Amino acid sequence: MNKALDDLRKKAEKALAESDGTSWPLDGENDESLDPSSGPRILEELRVYQAELEIQNLQLRESEFYAQHDRQRYLTLFDSMPVGALVVDRSAVVQEANIYVASLFDFAGPQRLIKHSLFRLFNSESSLWLADQLNRFAHGHNHIAQNKLNLKKSFGSISVDCSVVKLPAPYGLDDHYLIMLRDTRSEDQLNHYHQLVQTLLDNSDTLIYAFDRDEKCLLANNKTAQLLNCRVDEMIGRNRADLINAVYAGRHQEHDRHVLSTGENLITEDRYENNLGQHYTFLSHKFPLPDEHGQPFAVACISNDITERKQVERALRLAANVFTHAREGIVITDRDANILDVNATFTDITGYSREEVIGKKPSILNSGKQDTSFYEAMWHELHTNGHWYGEIWNRRKDGGVIVEMKAITAVRDEHGDIQNYIALSSDITIIKEHQAQLEYIAHYDALTGMPNRLLLGDRLRQAMSQAPRRGQRLAVAYLDLDGFKEVNDTHGHAVGDQLLVTLAKRMTQVLRDGDTLGRIGGDEFVAVLVDLPSVETSVQIVTRLLEVAAQPFLIGDIVLNVSASLGVTFYPQNEVVDADQLLRQADLAMYQAKQAGKNRYYIFDDEHHRNVRGHYENLENIRQALAERQFVLYYQPKVNMRTGDLIGVEALIRWQHPLHGLLPPAAFLPVIENHPLAIDLGEWVIDSALTQIETWRSNGLSIPISVNVGALQLQHPDFVSCLQALLSRHPGVNPGELELEILETSALESYNKVSQVMASCQALGVSFALDDFGTGYSALTYLKQLPADLLKIDQSFVRGMLDDPDDLAILEGVLGLATAFRRQIIAEGVETIAHGEMLLRLGYEWAQGYAIARPMPAQDLQGWFCTWNVPPSWKAIKPISKERLPMLSAVVEHRAWISEMADYLFGKSDTPPEMNAQQCRFGHWLDHSGRALILGECTNHPVEVLHLEIHRLAAELIALKSDAHFDDLNSRISELHSLCDELLEHLKEFY
């Protein structure tokens with residue numbers, strides 16, 4: 001520095017030597033002390049100093065110019081840097097910033113960053129790192145610090161590479177630091193993009209794949225490979241046809257060609273079945289992949305599995321259809337029971353339109369027939385259990401009362417709070433009316449209007465329960481007409497029916513108030529005479545009944561004479577008897593009256609009856625047979641006639657007698673009736689059936705077995721515990737595979753007790769069936785209360801239905817009862833193919849009988865099932881419509897007419913059936929309801945022509961019989977049956 005000043009002084013002296021400058025005193029010197037001789041020297045020094053200053057100033061201006069030039073180059077270079085640059089001081093305050101860094105921080109220009117704290121530009125973690133590095137620099141560490149930091153932006157933050165360098169500090173200035181920031185987003189995004197694409201491909205639930213023009217796989221993700229049951233690397237390069245079947249491959253090839261040829265995207269909905277047989281539905285979006293020249297060289301596809309969505313859509317459509325088209329009325333309310341929506345069926349049922357009920361309460365339908373307590377109980381159950389089911393009597397808009405079977409469900413949200421109520425209603429008004437009609441049909445005789453067997457049995461049981469309390473006797477009088485068959489044969493059924501109606505009125509008039517007279521079938525009547533103080537009182541009434549029966553009957557112009565045979569028995573007796581036994585006793589006494597000459601009464605002799613039965617009631621032999629295991633079970637299959645499925649078997653007991661061979665139940669069961677031995681034998685049957693179920697199960701067969709249980713066994717106090725013990729003894733048996741069959745009559749002798757027993761057994765898993773249904777004297781009220789799952793229609797009705805219209809009507813009525821009470825039903829006694837056909841037309845499906853299989857040992861059952869086939873005619877039959885049911889009755893009437901004609905022609909009957917084609921029952925039906933169904937406007941219809949031809953041929957056959965031309969008669973009788981078969985074949989076209 002001193003050397004530079006010396007040089008400067010020399011230059012100044014040289015400059016002064018070359019000029020005539022004036023010299024000045026130096027500052028700080030006293031003029032008075034100056035030596036005059038020193039003035040020139042001082043002046044010289046001043047000139048030198050001035051020259052020094054001028055030179056220095058010139059150098060400074062030159063240095064400043066170069067400095068400004070260098071700074072401008074520096075700033076240009078600084079702003080042009082491809083990275084963001086910040087210069088900060090020790091306090092981390094920004095002193096300089098370039099354009100790039102301003103853009104990184106979303107500032108309008110570099111000047112906006114000046115004086116900003118560095119730490120305000122970065123997040124907390126990055127700021128801490130920067131502060132640490134500046135501190136290290138301040139303590140003498142010279143290094144280049146590098147890290148990846150997150151700087152703040154208006155929309156969030158970005159990641160940058162950061163380098164921090166300490167700048168030199170000349171002339172004693174404070175330290176400054178250069179911070180360089182490089183935006184790595186492009187590289188990171190590219191890397192991240194590749195990773196993201198790969199991750200998406202590997203983890204996407206969407207199928208992603210691509211095939212080139214040659215059908216080679218270029219790309220596939222894991223989901224696609226999983227669908228094809230292979231790996232991704234096994235797909236790449238393989239032909240599509242090697243991966244999926246030809247049908248699907250051809251369809252995709254067609255779609256790809258379209259995309260490649262048009263260059264357009266294609267959206268399709270495809271169905272696919274993989275090699276495991278699983279079905280899928282995909283929504284596929286196909287688009288072309290261009291090469292480097294922009295030309296499509298492959299087709300990529302993104303396929304979404306919409307199988308579940310399609311199922312949901314179907315479910316939603318189904319739900320919408322259910323709401324719109326349901327046969328039940330549907331009401332949706334809010335939590336306060338304000339109606340939100342109803343369907344069309346609701347309008348049909350109530351008469352209220354949707355607009356009339358929206359926002360109102362369902363109470364607008366209240367009929368007033370159910371009190372407040374009913375609705376309080378309903379709402380209590382809804383709030384407690386979330387649902388309610390029962391009958392409600394409502395009122396239509398027009399004021400009419402309707403009965404609805406209603407199910408209400410509370411809909412709760414995720415918090416368990418009720419949000420809505422949904423009610424489904426079925427109008428059962430017609431069912432209720434029909435039920436009332438069925439009650440009448442079931443309780444009253446259609447011809448005479450008096451109680452039938454069912455109601456009579458009910459009243460008899462009531463009278464039996466009241467007689468001991470009143471201290472009075474009751475009598476049962478069983479009456480059968482003498483000579484009534486001749487009336488029917490001579491004058492026809494119509495005249496016979498009128499005689500029965502007249503007789504019923506006469507007999508009713510001679511009975512007392514409180515007595516019951518019922519018709520139990522044909523020409524048989526039963527009177528229940530109550531509150532009898534003595535036997536003589538009953539004799540007076542019985543005598544009057546015989547007298548009115550013997551009085552002449554005037555039917556039109558015909559005078560008819562019949563008589564009656566009458567049997568009487570009394571209650572109470574020395575031994576315990578039930579209603580069935582009283583009826584049997586009266587029936588036996590009636591036959592004694594007939595054998596004694598008819599037109600009289602006979603009082604049942606209990607002692608004589610016991611003596612008659614005594615000769616075959618050898619209980620000791622049966623007890624010994626049980627101990628020696630001489631009893632065996634045979635099994636009769638029960639099937640679905642429509643599908644051929646085996647639905648179970650009935651266990652039927654047989655006695656393998658060492659002397660007499662295989663004995664049927666009728667040979668020994670009556671002997672032990674109402675005897676404790678019947679309970680022992682019944683337990684053996686149940687135990688053997690359970691053993692057989694286990695045996696079948698071990699062979700891979702699951703065959704339910706039904707077992708008959710007698711009334712004595714069923715009502716025994718230990719029955720339920722005994723059954724439970726038997727089930728425990730056979731742990732391999734599902735209790736649901738055991739069904740107990742009880743006779744309708746025995747079950748109803750003490751229906752309250754029996755109902756409790758049945759409920760206890762059902763709690764164990766065992767089901768029940770009412771056997772021989774229709775032959776007892778039960779009431780519909782009892783049937784409603786008995787928890788039986790199945791009704792077995794008695795075989796006597798089934799066997800006679802083909803030629804007995806009454807049996808057919810009973811079958812139709814019982815099916816209606818089963819439907820009304822929601823019971824399954826099975827028909828016994830299906831002996832022929834024709835029986836099965838008629839049952840199927842009526843609507844029966846379950847059956848058993850010889851036409852299906854006879855009872856067989858257990859070891860033969862599997863062999864039978866392997867060869868069993870449903871008869872072809874059964875497969876084609878559909879249930880007949882309700883309006884065409886009378887046609888079936890007409891068919892049966894015609895068969896009955898043919899049978900009666902054959903009986904007359906072969907001498908089995910003294911009188912022919914109705915010969916007038918318009919007066920016979922089939923002809924009467926044909927001229928009335930049958931005309932609308934079959935004949936219409938048609939003349940000379942084959943059915944009508946054949947019917948007339950049958951009557952014409954029958955008249956010719958009667959003439960041959962009258963003329964004793966029996967050879968001709970025998971040769972032509974087959975013509976009658978052929979015409980009948982032809983007529984029935986024509987009728988089959990209409991049902």
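Let me begin by describing the structure that accompanies this report. Treat the numbers as computed from the prediction; the structure is a model and nothing was measured.

**Considerations on the pattern of salt bridges**
One pass over the full model with this rule turns up 35 salt bridges. Of the charged contacts, one joins Glu234 and Arg231 as a salt bridge, the two residues approaching to 3.0 Å between their closest N and O atoms. We classify Arg231 as partly exposed; its relative accessible area is 48%. Two residues, Arg972 and Glu956, come together in a salt bridge whose shortest N-O distance is 3.0 Å. With Arg972 in helix α37 (residues 966-988) and Glu956 in helix α36 (residues 942-962), this pair connects stretches of sequence that are 16 residues apart. Its relative accessible area of 23% is what places Arg972 among the partly exposed residues.

**Thoughts on the packing of helix α15 (residues 453-470) against helix α19 (residues 579-595)**
As a packed pair, α15 and α19 sit with axes 10 Å apart at the nearest point and diverge in direction by 105 degrees. The orientation of α15 with respect to α19, classified from their angle, is roughly perpendicular. Each of Leu460, Arg461 and Met464 in α15 lies in contact with α19, whose residues at this interface are Ala579, Leu582 and Leu583. Class assignment of the residues belonging to the contact of α15 with α19 gives a composition of five nonpolar, no polar and one charged.

**A word on the pairing of strand β14 (residues 401-412)**
Here strand β13 (residues 387-395) pairs with β14 via nine bridges, running antiparallel. In the strand pairing of β14, Ile392 is matched with Glu404. Hairpin connection of β13 to β14: five residues between the antiparallel strands, including Gly399 at a positive phi of 95 degrees. Summarising the sheet, β14 and strand β15 (residues 418-427) pair through nine bridges and their orientation is antiparallel. If you follow Glu404 over to β15, its bridge partner there is Asp427. The turn joining β14 and β15, which pair antiparallel and follow one another in sequence, is formed by five residues; a positive phi near 85 degrees is taken by Gly416.

Calculation criteria
- As a convention, each chain's residues are numbered from 1 in the sequence order in which they are written.
- Only residues with pLDDT of at least 70 get local features here, since the model is predicted, and only at 80 or more are side-chain atom pairs given and counted; chain-wide, interface and lining totals rely on the full set of residues.
- Hydrogens are left out, water is left out, and the side-chain values use all remaining heavy atoms of the structure.
- Basic side-chain nitrogens of Lys or Arg form a salt bridge, by our definition, when they fall within 4 Å of a carboxyl oxygen of Asp or Glu.
- Note on classification: 1.4 Å probe, protein chains only; a residue is buried when its accessible area is under 20% of the maximum for its type, exposed when over 50%, partly exposed between these limits.
- Secondary structure elements follow DSSP: runs of H or I no shorter than four residues count as helices, runs of E no shorter than two count as strands, and numbering proceeds from the N terminus.
- Angles here are taken between N-to-C directions and fall from 0 to 180 degrees, while the axes themselves are lines fitted to C-alpha atoms, restricted in helices to the stretch in contact.
- Under this scheme an angle from 65 to 115 degrees is roughly perpendicular, one under 35 degrees roughly parallel, and one over 145 degrees roughly antiparallel; angles in between are oblique.
- Any pair of residues with heavy atoms lying within 4.5 Å of one another is described as a contacting pair.
- For this scheme, ten residues count as nonpolar: Ala, Val, Leu, Ile, Met, Phe, Trp, Tyr, Cys and Pro. Four count as charged, namely Asp, Glu, Lys and Arg, and the remainder, Gly too, count as polar.
- Note: two strands are recorded as paired if DSSP finds a minimum of 2 bridges between them.

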